[in-house]
There are 2 protein chains.
Amino acid sequence: MSANEFVVAVVGATGAVGQQMLKYLEKRDFPVKELRPLASKRSAGQKVMFRGNEVTVQEALPESFAGVDFALFSAGGSVSKALAKEAVKRGTVVIDNTNAFRMDPEVPLVVPEVNPEALNHHKGIIANPNCSTIQMVVALKPLYDHYGIEKVIVSTYQAVSGAGWQAINELEEQSKAVLEGKEVSAHVLPVGRLNKHYQQAFNVIPQVDVAEENGFTLEEMKMIRETKKIFGDDSIDVTATCVRVPVMRGHSESVYVELKSDFDLEEVRKQLGEVPGVVVQDAIGEQVYPMPINAEDRTEVFVGRLRRDLNNPRALNMWVVSDNLLKGAATNTIQIAEALIGKDK
Amino acid sequence: MSANEFVVAVVGATGAVGQQMLKYLEKRDFPVKELRPLASKRSAGQKVMFRGNEVTVQEALPESFAGVDFALFSAGGSVSKALAKEAVKRGTVVIDNTNAFRMDPEVPLVVPEVNPEALNHHKGIIANPNCSTIQMVVALKPLYDHYGIEKVIVSTYQAVSGAGWQAINELEEQSKAVLEGKEVSAHVLPVGRLNKHYQQAFNVIPQVDVAEENGFTLEEMKMIRETKKIFGDDSIDVTATCVRVPVMRGHSESVYVELKSDFDLEEVRKQLGEVPGVVVQDAIGEQVYPMPINAEDRTEVFVGRLRRDLNNPRALNMWVVSDNLLKGAATNTIQIAEALIGKDK
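Residues numbered from 1 in each chain as written. Chains lettered and ligands numbered in written order. Predicted model: local features only at pLDDT ≥ 70, side-chain atom pairs only at ≥ 80, totals over all residues. Heavy atoms only, no water.

Focus on the sheet that holds strand E14 (residues 315–322) of chain A
Strands in a sheet are paired, the pairing made by backbone hydrogen bonds, and the direction either parallel or antiparallel.
Residue and element names in this part refer to chain A.
Here is step 1: Ordered by their spatial adjacency, 6 strands build an open sheet running E10-E9-E11-E14-E13-E12, and the pairing between neighbours is mixed. Two strands bound the open sheet, and with one partner strand each, they are strand E10 (237–241) and strand E12 (278–280). Within this sheet the neighbouring strands show an average axis-to-axis angle of 25°, counted without direction.
Here is step 2: Both strand E13 (residues 301–308) and E14 contribute to a ladder of 6 bridges, which runs antiparallel. Bridged to Arg 308 within E14 is Leu 316.
Here is step 3: Packing against the sheet, helix H5 (residues 218–231) makes contact with strand E9 (149–157), E10 and strand E11 (251–259), and its axis sits at approximately 160° to E10. (Pairing = 2+ DSSP bridges. Helix = DSSP H or I, 4+ residues; strand = E, 2+ residues; numbered from the N terminus. Axes fitted to C-alpha atoms, helices over the stretch in contact; angles between N-to-C directions. Contact = heavy atoms within 4.5 Å.)

Written out as structure tokens, the structure is:
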């Protein structure tokens, strides 16, 4: 990847994830011939930095995609629904980081370490999974391959940056207000477009995204549905409880896994350590385990607190942390693009 | 309970839990004839408030318990080990809020809503369970009674106040430092007496208490062992992952429960609502669920996010929140004392 061959559009270039996409395209030396940062009308005219140059953000319109090779979308589901197919019509390959197409049977849902083969069948749109799902399936992959997975029960500890800049700013403002004994206001979390907003500072909110009819939230259902789709295996039972915690960056997950066959814990540790992009931090006796502050700005998935279940000898517990803006979003999106150009070459 | 009949000692009277004990003895109008606030030599001479009067804290010594009817211990396991039996020798009934005697087969481990009958067999010392255990078993009790419990998998979101004033101050100081872009120092969490200390502000730490040989932490093993002892049923499988979050007061728990028989979710909601001390806050569609900021200074256990598991029709998921300093500590201790005087009368 030396020549700069591709025109790359980033839709939502001023957002929390979009900014990481620009940074990561640069860092990975992705062969960008022209960068086209796109956003809503409101953000058009802003400047973003790319390879040391200021680039002006343009309004994302159907015609913006003329001549674009890859469009990385991260501007919300409604923008993807309105524009992704327009981009495909113009010959662009869309990698979409929203929930718009993830469960569409025509759209591959890809984590390159887990199911790169799904890329072979794409029809112009490839979906990037939900942040909470990505880090979990990366950690589950060696377990699935070596032992088979019966059941997963996960509880998440999700950072506010998953809800964008507004949520990051809100947590900062609220934290200051609490520490200064001032009144706390809430306008963004847990879900911007819902009626009620709650204080996130020094608080835990057991709601990420809207509710579904069955009493689960959409975030919980994303983890359940996407895990099955990524492994291409509907027989994996997944239960999720998704919770927002007062952390800026880095999602954590407490994961209980029932395997289909016996395992040796030392073997599992070794197998996890061999996965590219996984870092095992597992020595509770020496107080070594993953934490969000150590995962910030890192592209890996960190796994620790590995222990055999005391009741079910075929089950184990683990603790999985990753930067939700990177492997959970920007990094995985660009890894998909890299896999595609690797393939096309 | 009108006459003030009892001499009550509070051991650890200046601590985070001790302070709540004084407040709650007063609020519940516990029949205190004389309050004897005790603490380490270092804290002796300090004043605490009780019923509008300043009372001087005395050093806790064996002879401090002469004439004391009830001694409420919350000054760490080593103090309880050194002094609880001295108090019993002097005719005092000890209610101990540390880990010192909880698993002693001679010592009842009591949550009055769950196993008040265990009080009948006490020999001078009664143990108050761990905060994380108490709120969980209160929520599990109606499930156990109506359906039987096969298995529990719990992940906790624990407030720093469980680690005392120092941890509360540390979270405050660290949060300020982060917001002001200053260097963050850590001296208390996750476990004061261990070597390594980590930033808790805007971070999640998957360690509460020291590690055991099996890879679980002591806090996790407390939840496992104490749940079996309180229900008097070793057949309940419990798995726990205990995590500290940047919250001042109020523990939250994501609890998956497999029952022994079928259930109707509406019935479960009703059964939980009928438990004294339980408040059901369960309407995700209206964004109603328990949160630590709403549980602060409340003595109840709050239960919500009730939903049937999508894979196992005999399993359900719930979210349980309570003030760890109150029902998790001070309130439960005093409820034990109340149960005893109710019995003795």
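A look at helix H5 (residues 218–231) of chain B
Here is step 1: Look at H5 of chain B: 20 Å from first C-alpha to last across 14 residues, which is about the 20 Å you get at 1.5 Å a residue.
Here is step 2: Counting buried residues along H5 of chain B, 12 of its 14 residues qualify, which places the element largely inside the surrounding structure.
Here is step 3: If you check which residues of H5 of chain B are buried, you get Leu 218, Glu 219, Glu 220, Met 221, Lys 222, Met 223, Ile 224, Glu 226, Thr 227, Lys 228, Ile 230 and Phe 231 of chain B.
Here is step 4: Buried residues along H5 of chain B sit in contact with E13 of chain A together with helix H3 (131–147), strand E9 (149–157), strand E10 (237–241) and strand E11 (251–259) of chain B. (Expected span 1.5 Å × (residues − 1). Buried < 20%, exposed > 50% of the residue type's maximum accessible area, 1.4 Å probe, protein only.)

So, the pattern of salt bridges
Here is step 1: This model, assessed by the stated rule, comprises 46 salt bridges over all chains.
Here is step 2: The residue Lys 23 of chain A makes a salt bridge to Asp 297 of chain A at a minimum N-O spacing of 3.0 Å. With Lys 23 of chain A in helix H1 (residues 16–27) and Asp 297 of chain A in the loop between helix H7 (292–295) and E13, this pair connects stretches of sequence that are 274 residues apart.
Here is step 3: Overall, Asp 297 of chain A belongs to the partly exposed group, its relative accessible area being 35%.
Here is step 4: Notably, a salt bridge pairs Lys 182 of chain B with Glu 180 of chain B, separated by 3.0 Å at the nearest N-O pair.
Here is step 5: Under the relative-accessibility criterion, Lys 182 of chain B is labelled exposed at 54%.
Here is step 6: Through salt bridges with shared partners, one network takes in Lys 23, Arg 249, Asp 297 and Asp 323 of chain A. (Salt bridge = Lys/Arg side-chain N within 4 Å of Asp/Glu carboxyl O.)

What about the side chain of Thr 217 of chain B?
Here is step 1: Structurally, Thr 217 of chain B can be placed in the loop between helix H4 (165–179) and H5.
Here is step 2: By relative accessible area, which is 0% here, Thr 217 of chain B ends up buried.

Let's talk about the relation of the copies chain A and chain B
Here is step 1: Its rotation angle being 180°, the transformation that places chain A on chain B also includes 0.0 Å of axial translation and leaves an RMSD of 0.0 Å. In the structure described here, the two chain copies are related by an operation that fits a two-fold rotation axis.
Here is step 2: Take the interface residues of chain A: 100% of them recur as interface residues in chain B, which is what a same-surface contact looks like. (Least-squares fit on C-alpha atoms with pLDDT ≥ 70 in both.)

Re the domain arrangement of chain A
By convention, interface size is frequently given as the accessible area that disappears when the constituent parts associate.
All names here are of chain A.
Here is step 1: For chain A, the assigned domains are domain 1 (6–128 + 329–344) and domain 2 (133–324).
Here is step 2: Averaged C-alpha coordinates put domain 1 and domain 2 at centres separated by 25 Å.
Here is step 3: Listed by partner, the interface residues are 23 residues for domain 1 and 19 residues for domain 2.
Here is step 4: When domain 1 packs against domain 2, the two sides together hide about 1700 Å² of surface, and 62% of this comes from carbon and sulfur.
Here is step 5: It is Met 103, Glu 113 and Val 114 in domain 1 that bury the most area against domain 2; as a group they hold 30% of the surface buried on that side.
Here is step 6: Counting every contact that joins domain 1 to domain 2 gives 2 salt bridges.
Here is step 7: Among the ionic pairs, Glu 226 bridges to Arg 102, the shortest N-O distance being 3.4 Å. (Domains from an automatic or database assignment. Buried area = accessible area lost by both parts, 1.4 Å probe.)

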